[in-house]
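One-letter residues, chain by chain:
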Amino acid sequence: MIRFSLLGSGSGGNALLVSTACGKILIDSGLSFRQLRLRAAQVGTTLDDIKAVFVTHEHSDHVNGLGGLARKLGIPVFMTPGTHDNLPSSVGNLPRVELFEAGEDMTVGDMVVSSFSVSHDAADPVSYVVQCDGVRLGLAADMGHASQLVVSRLMGAHALVLESNYCP
């Protein structure tokens, strides 16, 4: 079973906590560690057992708290090379970086996290589908528009978290 909690969305900071029986992952970390912990508590959970962070892109509202979280918890941070190369200097040192290309799948505990490219004004933005025990959670963050690739990757998801930005 997959449970998820949107801990933050918008220009103030983005973070999606995904939980299964074997642990948790965080998609984006745009909030401070303190705010993440507070918001997790408000939805009845903790930051314990977070196994990894997956980053959609390098904009500050998606990575402001990334460095502090990764250093405090000592967990790997998954991102594309383009995102890594364009992180703001304020993120600081990340102790464990796992680079992947858009379209690749990663396994963390009992979760398979599939990445796919999205249209956004960032270096190499991606979004994700998280799968566990036959259940699929789709996330598409900061989409300029839903391309055929986005539609095909999100098709069949049991739950969707969609975030779009202004795009003329």
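Residues numbered from 1 in each chain as written. Predicted model: local features only at pLDDT ≥ 70, side-chain atom pairs only at ≥ 80, totals over all residues. Heavy atoms only, no water.

Digging into the overall build of the protein chain
In terms of regular secondary structure, the protein chain is built from five helices and eleven strands. Computed over the C-alpha atoms, the radius of gyration of the protein chain is 14 Å, within 12% of the 15 Å expected from 2.2 N^0.38 for a compact globule of 168 residues. Buried positions account for 49% of the 168 residues belonging to the protein chain. Pairs at least 24 apart in sequence give 48% of the contacts found in the protein chain among residues at least 6 apart. Within the structure as shown, the protein chain displays about 7700 Å² of accessible surface, and the carbon and sulfur contribution to it stands at 49%. Counting 11 positive and 16 negative side-chain charges, the protein chain places the centres of these two groups 11 Å from one another. (Helix = DSSP H or I, 4+ residues; strand = E, 2+ residues; numbered from the N terminus. Rg over C-alpha atoms; globule rule 2.2 N^0.38 Å. Buried < 20%, exposed > 50% of the residue type's maximum accessible area, 1.4 Å probe, protein only. Contact = heavy atoms within 4.5 Å. Areas by Shrake-Rupley, 256 points an atom, 1.4 Å probe, with all protein chains shown as cover. Lys, Arg positive; Asp, Glu negative; His and termini not counted. Charge placed at Lys NZ, Arg CZ, Asp CG, Glu CD.)

Concerning the sheet that holds strand β3 (residues 23-27)
Pairing within the open sheet is mixed, and its six strands lie in the order β1-β2-β3-β4-β5-β6. Each of the sheet's edge strands pairs with one partner strand only, and the pair in question is β1 (3-8) and β6 (97-99). Put simply, the sheet's adjacent strands are angled 20 degrees from each other on average, direction ignored. Pairing analysis gives five bridges linking strand β2 (residues 15-20) to β3, with the strands arranged antiparallel. Note that in β3 the partner of V18 across the bridge is I25. Across the sheet, helix α1 (residues 33-42) lies against β1, β2 and β3, angled at about 130 degrees from β1, the strand it touches most. (Pairing = 2+ DSSP bridges. Axes fitted to C-alpha atoms, helices over the stretch in contact; angles between N-to-C directions.)

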